[in-house]
Structure formats: C-alpha cells, structure tokens
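This is what each chain is made of:
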Amino acid sequence: MILVENLNKSFGKLHVLKDINLHVKPGEVVVIIGPSGSGKSTLLRCINYLEKPDSGNVYIDGEMIGKREVNGKLVDDSLKNINRLRSQIGMVFQKFNLFPHMTALGNVIEGPITVKKMPKEQAIEKGRYFLKKVGLADKEDSYPSQLSGGQQQRVAIARALAMEPKLMLFDEPTSALDPELVGEVLSVMLDLAKEGMTMVVVTHEMGFAREVADRVIFMNEGRIIEEGTPEQIFLNPQNERTKAFLSKIL
Amino acid sequence: MVGFFSFLVKYLPVLLEGTIMTLQLTVLSITFGTIIGLFVALAKISKSKFLSIPASLYTWVIRGVPLLVQLFFLYFGLPQVGIELSPFSAAVIGLSVCSGAYIAEIIRAGIQSIDKGQLEAAYSLGMSYAQAMRRIIIPQAYRRLIPPMGNEFISMLKNSSLVTTIAMVELMRTATHISSSTFRPLESFVAAGLLYLVLTTIFVLIFGRLERRLTVYE
C-alpha cells in the first residue's frame, strides 16, 4: 500500500530523514514512535507529499507520488496528479486543523463536494454517516469552536474518512488533547483498525501501540532504528537507544 | 449661527449633488480597487516570480508616490502622449489604482494571517491551490479584512477630495465654487466638512455592523 524507498529530507542544514525505507501492507497498522525531532512527523508528511522529499521515492498503491517517469527520467508530476493521489490518503493532524468557518457537517462534506464533485444531498448523507461513526451525530450543526478537543479531532477523522481514502495517516492525533479526552479519539481509531483500514500512526500513546499496532517502528535522529511486533519492541528491544527511550516513557 | 443655517439651506441641494459624486467615485474606486487588490495580493504571495515581482513593483510605486502626483500624471501628463482622459475617467482610474495597492496589502496580510494548517488540511483532502484559496483561506481571511477595509474606505472617501484638482466636480469642488461666488469660505468649507463627516460616520457604522455579523463562528 505504501512503499518508501531511500527517502531523504533536509531542512536547511538539518538532515531530518536519512535513507528511510518502509513498506506498509494493505490493512496493516503501523505505529511510529521515537523522541521528538526524530523525523516521525516529517516522514508522515512526505508520504502525502505535504513535504517534498529531497531524494527517494514514495509509492501509494504502486503509484509514485510527486514524480513521474518521462523517457526514463523522473520529473515533477503535475499538481493535478499529486492532488488526486492525496485525495486517496486521509490525514489527521495534531492540531485538528478543522475549518473554523464551517459546521462539523460542513467540514465533513467539503472534500467530497469540492474535490470529488459529489452532489450535495449525497455528500450530506455520507457526511452524517461518518459523523455517526465517530459518535457525533448530534453535533453536525456545531462549529469547531463549540466542540471539545476530542470532538474536534473526531470530526477531523470523519472529514478524512468522508473522502473514502485507501489509507489514513495520523500525526500525533492525541497530543493536543486533555488526558481525559484521549480515550474517545483512540477508540475511534481502534474501530477503524478493526475494520481493516491501513493506518500509519505517529503517537506517544504506548497503550494504543501495544493494543492496535501490527508493527511498531522506532525512529531516532532521522533513521528507523528498530522495528517489530509490539511484543518485540516493548518487551524485548534490541537497540540500546530503543531501550533507553522505552525505559523513560513506559 | 442663524446665518450659517440659512446659508446651508440655500446651498445644500448643490452640495448634495457634489456629495453624491464623491460617493460614486469612492464606491467605484473601492470596487475596482478590491478586484485589483485581490489579484495583486494573490500574485504577491505566489511562488512564481513572473507574478510576484510585477505585483510587488506595483504596490511599491503606487504606495510610494503621492496620489496627487499620480492624478496629475493621468490627467495632465498622458495627453502629451496622446491619451486624453475625461476628469471622471482619470479620477476613477487614479483612485482605483491607488486603493488597489493598499487593498492588495490588506488582503495579503489577511491571507497570511490564516494558520498554515488550514492550507495543509485542504491539500490533504486533495484540493488544488485555487480550491483551497476559494473555499478555505479567503472565506476566513474575509472576516479579518473587514476592519482594515473599513479604514481604507474612509481614507479613500477623504482622498477623493484630491480629484478636485483635475477639474472633477465633486463635493470639494462644489464647496470651492460656492466659496468663490459667495465670498463665504468659512461656511462653505464647514458645510463640506460636515458632509464628509456624515459620510464617514455612516461607513464606520456599516462596517462595525458587518464586523459583528461575521463573528458568528469564533
């Protein structure tokens, strides 16, 4: 579903991602952990091309994102193609990034109407379905400012789901939430995972990683240092850096 | 005081004609200025140098040269190269081009004040830059534009008095005519000043209302 090959990304002199290789199979839930500044979020943002990699390729379902081959050479792909691929990748942000001038339902139907040109009635029907799915059927007329952080993040998840994406990326979805609101967001994500959604999740919620992840990846200083099943990583980490990180966080 | 009132009653009709012209000039210039300003603002924040450099040049020159000089250039300067403009066209063009530069800056600041995450969220749904601007960024920037646009409107209304120097008959010119035919400059210009004050007050109230109405979601 996702294939990342030799990905490198620098911000100025700071080399954020170093030769990242990653393969995510359909239906797999991959959780990325690691200290802040290790490149987890940047990796996620390179997958849907919000950041342009300096080198290396990212394939979504076999299609390269951001570049295309012309006469054996790789050139920048058209914006139209990049947008088309992005519309198949759902993204949930740490700070929700809901559209404040639209109601909850307005947020959820925006993508289908504007990007997919879906008729409004159909989009509303679909939007209500996804709001119900995240447990917010009664909040469709509320503006984001009238919702709690946990509710806002759930609307954001519904907004991403309404595009019926092939995979979902979560960038620290619970980091900006009050502790008592974390559970409601995680339980929505858990349901999604159970339904077989392909997910890549950057998080500090180790409990979630343990319970839901098929695979846990530990990143440090721009590299994938260790990966394995949750049991392997949490109970029997091999790398010293992984051990040190886990001993602090668990 | 009684003298002033009888003066006002006598000359109000002709002063009001001038006022209506002033109002027309202001509304036309702000309308064209907003259209110019929107495109120039988008050009200025664009990554393409072909767009951003001319746009920056435009705001730099127009904001850096006095409006009076620009009006004289249009009305007295251009005929020398065969372009003759009526006072009305010269006034509308001059005021529109001028307000366009200021409005461009207002819109640019408004757009750039929107959190970067909004654009990213729009992109992540698969929107193009144009769709993101139209559906997500500009509707949010719009509300933040109301207070500075109100200011711009008022200063344009007052700036429009400068076109009196290029033979345009509006409120200021009318007051000057009355003053020189009656030899009562004090009353003439106090009357004109009051009419400007009435207009600006009306706009302050209108923009205040707009601002309150658009704060629903925050």
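The notes below deal with the structure included here.

What counts as what
- Residues numbered from 1 in each chain as written.
- Chains lettered and ligands numbered in written order.
- Predicted model: local features only at pLDDT ≥ 70, side-chain atom pairs only at ≥ 80, totals over all residues.
- Heavy atoms only, no water.
- Axes fitted to C-alpha atoms, helices over the stretch in contact; angles between N-to-C directions.
- Helix = DSSP H or I, 4+ residues; strand = E, 2+ residues; numbered from the N terminus.
- Parallel < 35°, antiparallel > 145°, perpendicular 65-115°, else oblique.
- Left-handed = near helix turned anticlockwise from the far one by under 90°.
- Contact = heavy atoms within 4.5 Å.
- Nonpolar A, V, L, I, M, F, W, Y, C, P; charged D, E, K, R; others polar.
- 1 Å grid on protein atoms, 1.4 Å probe; cavity = no way out; pocket = protein on both sides within 12 Å on 5 of 7 lines; lining within 4 Å.
- Points joined across faces, edges and corners; volume = space filled by probe spheres on them.
- Phe/Tyr/Trp six-rings, centres within 6.5 Å; stacked < 30°, edge-to-face > 60°.
- Buried < 20%, exposed > 50% of the residue type's maximum accessible area, 1.4 Å probe, protein only.
- Lys NZ or Arg CZ within 6 Å of the ring centre and 35° of its normal.
- Salt bridge = Lys/Arg side-chain N within 4 Å of Asp/Glu carboxyl O.
- Polar contact = N/O pair within 3.5 Å; in protein donor to acceptor, adjacent residues only side chain to side chain.

## Overview of the packing of helix 7 (residues 171–182) of chain B against helix 8 (residues 185–213) of chain B
Residue and element names in this part refer to chain B.
Phase 1: Here helix 7 crosses helix 8 at 160 degrees, and the two axes come no closer than 8 Å. Taken together, the axes of helix 7 and helix 8 lie roughly antiparallel to each other. For the element pair helix 7 and helix 8, the recorded crossing hand is right-handed. Packed against helix 7, whose contacting residues are Leu171, Met172, Ala175, Thr176, Ile178, Ser179 and Thr182, the element helix 8 presents Pro185, Ser188, Phe189, Ala192, Leu195 and Tyr196 at the interface.
Phase 2: Classifying every residue of the contact of helix 7 with helix 8 gives nine nonpolar, four polar and no charged.

## Let's talk about the layout of surface pockets
Phase 1: When its volume is computed, the largest pocket comes out at roughly 970 Å³.
Phase 2: If you trace the largest pocket, you find 26 residues lining it, with A:Leu50, B:Lys47, B:Leu119, B:Tyr123 and B:Tyr129 closest to the centre.
Phase 3: Residue classes in the lining of the largest pocket are distributed as 12 nonpolar, five polar and nine charged.
Phase 4: Size it by volume and the second largest pocket reaches roughly 380 Å³.
Phase 5: Mapped by element, the contributors of at least two residues to the lining of the second largest pocket are helix 1 (2–45), helix 4 (87–112), helix 6 (129–159) and helix 8 of chain B.
Phase 6: By residue number, the principal contributor to the lining of the second largest pocket is helix 6 of chain B, which donates seven residues.
Phase 7: Per-class residue counts for the lining of the second largest pocket are 15 nonpolar, one polar and no charged.

## With respect to the packing of aromatic side chains
Phase 1: Summed over all chains, the structure comprises eight aromatic pairs over all chains.
Phase 2: Consider the rings of B:Phe7 and B:Tyr11, whose centres lie 4.9 Å apart with planes at 45 degrees: the pair is tilted. Of this pair, B:Phe7 and B:Tyr11 both sit in helix 1, four residues apart, which is roughly one turn of the helix. We note that B:Phe7, like B:Tyr11, is buried.
Phase 3: Both rings, one in B:Phe153 and one in B:Phe203, keep their centres 4.3 Å apart while their planes meet at 40 degrees; by these two values the pair is tilted. Note that B:Phe153 is positioned in helix 6 and B:Phe203 in helix 8, a separation of 50 residues in sequence.
Phase 4: A relative accessible area of 12% means that B:Phe203 is categorised as buried.
Phase 5: The lysine or arginine in question, A:Arg159, covers the ring of A:Phe99, its NZ or CZ lying 4.5 Å from the ring centre.
Phase 6: Over the ring of A:Phe234 we find A:Arg210, and its NZ or CZ is 5.3 Å from the ring centre.

## Section: the interface of chain B and chain A
Phase 1: With 19 residues of chain B in contact, the opposing surface of chain A contributes 25 residues.
Phase 2: The tally of links from chain B across to chain A stands at two salt bridges.
Phase 3: Notably, a salt bridge pairs B:Arg135 with A:Glu110, separated by 2.7 Å at the nearest N-O pair.
Phase 4: Across the chain B-chain A interface, the total number found is six residue pairs in polar contact (both at pLDDT 80 or more).
Phase 5: Of all the secondary structure elements, the ones that give two or more residues to the side of chain B that touches chain A are helix 5 (116–124) and helix 6 of chain B.
Phase 6: Here the side of chain B that touches chain A takes seven residues from helix 5 of chain B, the largest share from any one element.
Phase 7: Of the residues in the side of chain B that touches chain A, the class split is eight nonpolar, seven polar and four charged.

## Comments concerning the side chain of A:Glu28
Residues and elements named next belong to chain A.
Phase 1: Considering the arrangement of structural elements, one finds glutamate 28 in the loop between strand 2 (14–24) and strand 3 (29–33).
Phase 2: What makes glutamate 28 buried here is its relative accessible area of 8%.
Phase 3: Side-chain polar atoms of glutamate 28 contact the backbone nitrogen of lysine 25, separated by 2.8 Å.
Phase 4: At 2.9 Å, the side chain of glutamate 28 and the side chain of arginine 215 are in polar contact.
Phase 5: In this structure glutamate 28 touches His23, Met197, Thr198, Met199, Asp214 and Arg215, once residues within four positions along its chain are discounted.

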